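A structural walkthrough
Residue-level listing of the chains:
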Number of protein chains: 2
Amino acid sequence: MYDGIVQELIDELGRLPGIGPKSAQRIAFHILQTPSFDVSRLSELLREVRERVRFCEICGNVSESETCAICRDPRRNPALICVVEDAKDVAAIERTREFRGRYHVLGGAISPIAGIGPDDLRIQQLMTRLADGTVQEVILATNPNLEGEATAAYLSRLLTTLDIAVSRLASGLPVGGDLEYADEVTLGRAFEGRRRL
Amino acid sequence: MYDGIVQELIDELGRLPGIGPKSAQRIAFHILQTPSFDVSRLSELLREVRERVRFCEICGNVSESETCAICRDPRRNPALICVVEDAKDVAAIERTREFRGRYHVLGGAISPIAGIGPDDLRIQQLMTRLADGTVQEVILATNPNLEGEATAAYLSRLLTTLDIAVSRLASGLPVGGDLEYADEVTLGRAFEGRRRL
């Protein structure tokens, strides 16, 4: 439709999540036509982010060093671990300012349809973290949907062998939704009302 | 919220049109977590597109050379010019395959609120193109909203001094909408039913 490279940019932008062909076109023209838009900055950041960002060796959260800022912070309670599916969920929970423990990012949820089983998640790493007896409570904060509930149920069974309290976020969250879209108040209330499993 | 560079990328993506903070976060994590996503290709394209793409010296459409592919095409009718606000509109009209003339991109529409007057648009260039008598008809295909109608009315008055037919796209287009979002059939019909001013 457009001369070579403009169409290539539109196609490439269209491969990003949530960006359809029309949005991709709109963004491409914005980049082309807005002299004030710092395209080299965005171009540079895209490259750098993949080079520099890695995942925390302890919890699996995104980090620019071996361990993330939360795992390094001595003020965070090491006896309390909140298990989430994704690093985006860490950010969502941090915004509530309700939680002062640490995290464990699974990297997804159990989903037979998508072919994701327990071995594809960072569950072994979680068990290793729990082995030394420091952790007193594990809060299962997987998404309140089918896969998240299945993952929570699986972990709950797995953790009964250990002497650790296991809880699940309260059902203040809308069922079927995505944890990262919850507002601060709802998510904060869900933390307060977490029920023991 | 996130360690430095991830947040920087989210902020930068959030400056693109139609991308809110949640979408920006989703895109940033997609880039981070999808090894198959060719981030260097996108990074390269962003840089190249600004370096290589310019605007056709004749019609103002996007182009990788001095003149665009449409202006260079000898099969396109030089007696017929379709005036549009934006290069995105050229692509929308090309998709209808109804129009075999050439284009003139104004680079916007008259809008007293946004401080855009006739002198800010490529109207002088249009008058120069019309001066040699080749063009027999000008189709005004500015958007069917307040600014687009005002621009069409202005151009229509301006062109009465020349011996050129002036038409406006038929009102098959939904009023108040944006030309680039029209579907092919509606836009094609609007071309067929264009009325003389």
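Per an unreviewed UniProt entry, chain A goes by Recombination protein RecR and derives from Microbacterium barkeri. As stated in UniProt under Function (unreviewed entry), the record for chain A gives "May play a role in DNA repair. It seems to be involved in an RecBC-independent recombinational process of DNA repair. It may act with RecF and RecO." The UniProt entry for chain A carries this comment under Sequence similarities (unreviewed entry): "Belongs to the RecR family."

Attention now moves to the overall build of chain A. Within chain A one finds 8 helices and 7 strands. Relative to its full complement of 197 residues, chain A shows a buried share of 52%. Summed over all atoms, the accessible surface of chain A reaches about 9200 Å², with 50% contributed by carbon and sulfur.

This next bit is on the side chain of Asp86 of chain A. Positionally, Asp86 of chain A belongs in the loop between β3 (80-84) and α5 (87-96). Classification of Asp86 of chain A as buried rests on a relative accessible area of 18%. There is a polar contact of 3.0 Å between the side chain of Asp86 of chain A and the backbone nitrogen of Lys88 of chain A. Discounting residues that sit within four places of it in the chain, Asp86 of chain A has contacts with Val105 of chain A together with Phe29 and Gln33 of chain B.

Next up on the list: empty space enclosed by the protein. All chains considered together, the criterion is met by 1 cavity of 30 Å³ or more. The volume enclosed by the largest cavity comes to roughly 70 Å³. Lining the largest cavity, in full, are Leu13, Leu16, Ile19, Ile27, Leu42 and Leu46 of chain A together with Leu13, Leu16, Ile19, Ile27, Leu42 and Leu46 of chain B. Elements with a minimum of two residues in the lining of the largest cavity: α3 (39-52) of chain A together with α3 (39-52) of chain B.

Between α3 of chain A and α3 of chain B, whose axes approach to 9 Å, the crossing angle comes to 165°. In terms of orientation, α3 of chain A and α3 of chain B fall into the roughly antiparallel class. You can see that α3 of chain A and α3 of chain B cross each other, and the crossing is left-handed. Seen from α3 of chain A, the contacting residues are Val39, Ser40, Leu42, Ser43, Glu44, Leu46, Arg47 and Arg50 of chain A; seen from α3 of chain B, they are Val39, Ser40, Leu42, Ser43, Glu44, Leu46, Arg47 and Arg50 of chain B. Here the residues of the contact of α3 of chain A with α3 of chain B sort into 6 nonpolar, 4 polar and 6 charged.

For α3 of chain A, which comprises 14 residues, the first-to-last C-alpha distance of 20 Å matches the rise-based estimate of 20 Å (1.5 Å per residue) to within 8%. Taken together, the buried positions of α3 of chain A are Val39, Leu42, Ser43, Leu45, Leu46 and Val49 of chain A. Each buried residue of α3 of chain A sits inside an arc of 160° when the element is viewed along its axis, so together they form one side. Buried residues along α3 of chain A sit against α2 (21-33) of chain A together with α1 (4-13), α2 (21-33) and α3 of chain B.

Every regular strand shows the same layout, with side chains that alternate between the two sheet faces. All names here are of chain A. Of the two faces of strand β6 (residues 165-168), the one lined by Ala165 and Ser167 and the one lined by Val166 and Arg168 are each fully buried. Strand direction decides the pairing type here: strand β5 (residues 137-140) and β6, joined by 4 bridges, are parallel. Considered in β6, the bridge of Leu140 is made with Arg168. Regarding topology, helix α7 (residues 146-159) serves as the crossover connection from β5 to the parallel β6, and that connection is right-handed.

A separate point is the relation of the copies chain B and chain A. With an RMSD of 0.1 Å, chain B superimposes on chain A once it is rotated by 180° and translated 0.0 Å along the axis. The symmetry that links the two subunits is that of a two-fold axis. Measuring from the rotation axis to each C-alpha of chain B, the shortest distance belongs to Ser43 of chain B, at 2.2 Å. Most of the interface of chain B is mirrored in chain A: 100% of its interface residues are interface residues there too.

Time to look at the interface of chain B and chain A. Tallying the contact residues gives 56 residues for chain B and 56 residues for chain A. Summed over both partners, the interface of chain B with chain A buries about 5900 Å², with 63% contributed by carbon and sulfur atoms. Its largest share of buried area at the contact with chain A, chain B owes to Ile5, Leu46 and Arg50 of chain B, together 13% of the area lost on that side. Counting the contacts that link chain B with chain A gives 4 salt bridges.

The subject of this paragraph is the confidence of the model for chain A. Residues and elements named next belong to chain A. A residue-level look at chain A finds 91% of positions with pLDDT of 70 or above and a mean pLDDT of 86. Highest mean pLDDT in chain A belongs to strand β4 (residues 102-105) (96); lowest belongs to strand β7 (residues 195-196) (66). Complex prediction metrics read pTM 0.69 and ipTM 0.71.

All names here are of chain A. Summarising the element assignment, Val84 is placed in strand β3. A sequence separation of 21 residues divides Val84 from Val105, and the C-alpha atoms of the two residues are 5.0 Å apart. Among all residues touching Val84, those that are not within four sequence positions of it are Asp89, Val90, Ile93, Tyr103, His104, Val105, Leu106 and Ala141.

Criteria and thresholds
Residues numbered from 1 in each chain as written. Chains lettered and ligands numbered in written order. Predicted model: local features only at pLDDT ≥ 70, side-chain atom pairs only at ≥ 80, totals over all residues. Heavy atoms only, no water. UniProt positions renumbered as here; feature names shortened; annotations may be inferred. Helix = DSSP H or I, 4+ residues; strand = E, 2+ residues; numbered from the N terminus. Buried < 20%, exposed > 50% of the residue type's maximum accessible area, 1.4 Å probe, protein only. Areas by Shrake-Rupley, 256 points an atom, 1.4 Å probe, with all protein chains shown as cover. Polar contact = N/O pair within 3.5 Å; in protein donor to acceptor, adjacent residues only side chain to side chain. Contact = heavy atoms within 4.5 Å. 1 Å grid on protein atoms, 1.4 Å probe; cavity = no way out; pocket = protein on both sides within 12 Å on 5 of 7 lines; lining within 4 Å. Points joined across faces, edges and corners; volume = space filled by probe spheres on them. Axes fitted to C-alpha atoms, helices over the stretch in contact; angles between N-to-C directions. Parallel < 35°, antiparallel > 145°, perpendicular 65-115°, else oblique. Left-handed = near helix turned anticlockwise from the far one by under 90°. Nonpolar A, V, L, I, M, F, W, Y, C, P; charged D, E, K, R; others polar. Expected span 1.5 Å × (residues − 1). Arc of directions from axis to C-beta. Pairing = 2+ DSSP bridges. Right-handed = clockwise from strand over helix to strand, strands pointing away. Least-squares fit on C-alpha atoms with pLDDT ≥ 70 in both. Buried area = accessible area lost by both parts, 1.4 Å probe. Salt bridge = Lys/Arg side-chain N within 4 Å of Asp/Glu carboxyl O. pLDDT = per-residue confidence, 0-100.

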